[in-house]
Amino acid sequence: MEKNESLNTSGKPIRCRAAVCRKSGEPLVIEEVIVAIPKAHEVRIRIICTSLCHSDITFWKLQDPPAFFPRILGHEAIGVVESTGECVEEVTEGDIVIPCFMADCGECADCKSKKSNLCSKLPFKVSPWMHRDETSRFTDLKGETLYHFLYVSSFSEYTVVDIAHVVKIDPAVPPNRACLFSCGISTGVGAAWRTANVEAGSTVAIIGLGAIGLAVAEGARLCGASRIIGVDVNPEKFEIGKKFGITDFVNSASCKENSLSEVINELTGGGADYCFECVGLASLVHEAFACCRKGWGKAIVLGVAKPGTQLTLSSHDVLHNGKTLAGSLFGGLKPKSDIPILVKRYMDKELQLDKFVTHEVHFEDINKAFDLLIEGKCLRCVIWMNK
């Protein structure tokens, strides 16, 4: 950031470009918006680049609440601190930061505990507002309110984020890689590392080999899993998955006479030690639970299902099989302490991050990124704001 950039804009509203979602499922419209001055505990960030996640697609398609329009989507990003509000001491103008949808206040019982990453002071919810005062920092040129998304809204050249959602990182990390730590890759790696605590020599099954499923594989590989079974309806995902440690592949579309869990149980001689559901379907959560080994098997849910989706498990199976079913929001990671660890592992060439980025586009071509992800042609598409 040029030193005079902050001097010219600090303390003033900023007029900049944003990709606004005006109606469900319609192409985003790049237009000029007004980004307000950050209030207390807030940071205004100039976005360097952002990436597209399936959660953006999910809420882009939704027509009813928690869908809100017009909205600025986007929640995987990296940027530069342009200015800060009162009570912000962690970062200063010019710092390189990652905004994250998970809060990490560092003060509540959950944030102080090693057992949880679910901040109770600023609990996660799919809100269209800033976290503390439930208002927006975005308006269009007509003065109409534009809604936030997951406390980040990175499809804008500038955004305002609560300091509890901001992580300062090493500026040496390439921005077109660092932005992936905001959500998907951290979620997958963290689910294997933190939530499941995958043990060396164990067997892992992963249902759904999108970016998050492959990130789970990468996390399991880093943890030393000896066998990583990938499950998907697309056989091409096996070759991709091999890059991230997948050793076996099951095409769930070809499981006709037997259920997926029966196939996995036979393949593993009684079930996987850990099974991760990365699609967001209740039926697959049931399969994940069923294909975990009795006694110590863990089924971890990462997939985002439609609002209102219910699970129905047999109480007999729960009692008699001794398995564990757990959710994993942001992979169980505490953003402010765990993201820097993942960043270091990437810089030390342990974590394979480069292979997740399959496409890069200019901000003007953001709708192309949507097309690529919807058509299944990319893992992560990085969107450069100004390049």
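Quick note: structure is the one above.
Residues numbered from 1 in each chain as written. Predicted model: local features only at pLDDT ≥ 70, side-chain atom pairs only at ≥ 80, totals over all residues. Heavy atoms only, no water.

(A) Structural context of the environment of leucine 222. Structurally, the position occupied by leucine 222 is in helix α6 (residues 211-223). Spatially, the C-alpha atoms of leucine 222 and valine 91 are 31 Å apart, while their sequence positions differ by 131 residues. Not counting chain neighbours up to four residues away, the residues in contact with leucine 222 comprise Arg345, Glu350 and Leu351. (Helix = DSSP H or I, 4+ residues; strand = E, 2+ residues; numbered from the N terminus. Contact = heavy atoms within 4.5 Å.)

(B) Examining the packing of helix α5 (residues 184-195) against α6 more closely. Interaxial distance between α5 and α6 falls to 7 Å at its minimum, and their mutual angle equals 40°. Here α5 is positioned oblique relative to α6, judged by the angle of their axes. Judged by the sense of rotation from one axis to the other, the crossing of α5 with α6 is right-handed. Contact residues: α5 offers Gly184, Ile185, Gly188, Val189, Ala192 and Trp193, while α6 offers Ala211, Ile212, Ala215, Val216, Glu218, Gly219, Ala220 and Cys223. (Axes fitted to C-alpha atoms, helices over the stretch in contact; angles between N-to-C directions. Parallel < 35°, antiparallel > 145°, perpendicular 65-115°, else oblique. Left-handed = near helix turned anticlockwise from the far one by under 90°.)

(C) Spatial organisation of the pattern of salt bridges. In total, this model carries 26 salt bridges according to the counting rule given. Note that glutamate 76 is salt-bridged to arginine 380, the shortest N-O span being 2.9 Å. You can see glutamate 76 sitting in strand β4 (residues 76-84) and its partner arginine 380 sitting in strand β17 (residues 380-384), a full 304 residues away along the chain. You'll find glutamate 76 and arginine 380 in the same group, each marked buried. Arginine 137 serves as the salt-bridge partner of aspartate 133, at 3.0 Å between the closest nitrogen and oxygen. We classify arginine 137 as buried; its relative accessible area is 3%. Three or more residues are tied together by salt bridges with common partners; here these are Arg22, Glu31, Asp140 and Glu144. (Salt bridge = Lys/Arg side-chain N within 4 Å of Asp/Glu carboxyl O. Buried < 20%, exposed > 50% of the residue type's maximum accessible area, 1.4 Å probe, protein only.)

(D) Region of interest: the packing of aromatic side chains. According to the stated counting rule, one finds nine aromatic pairs in the structure shown. Seen in terms of ring centroids, tryptophan 129 and tyrosine 147 are 5.3 Å apart; in terms of plane orientation they differ by 70°. Their pairing is edge-to-face. With tryptophan 129 in the loop between α3 (109-112) and β6 (138-140) and tyrosine 147 in the loop between β7 (145-146) and β8 (158-162), this residue pair connects regions lying 18 residues apart in the sequence. The interplanar angle of 20° and the centroid separation of 5.5 Å between the aromatic rings of phenylalanine 238 and phenylalanine 249 together place this pair among those described as stacked. With phenylalanine 238 in helix α7 (residues 236-242) and phenylalanine 249 in strand β12 (residues 248-251), this pair connects stretches of sequence that are 11 residues apart. Here the guanidinium or amino end of arginine 194 rests over the ring plane of tryptophan 193, the centre of that ring lying 4.0 Å away. It is arginine 293 that lies over the ring of tryptophan 296; its NZ or CZ is 4.0 Å from the centre. (Phe/Tyr/Trp six-rings, centres within 6.5 Å; stacked < 30°, edge-to-face > 60°. Lys NZ or Arg CZ within 6 Å of the ring centre and 35° of its normal.)

Keep in mind these values describe shape, not function.
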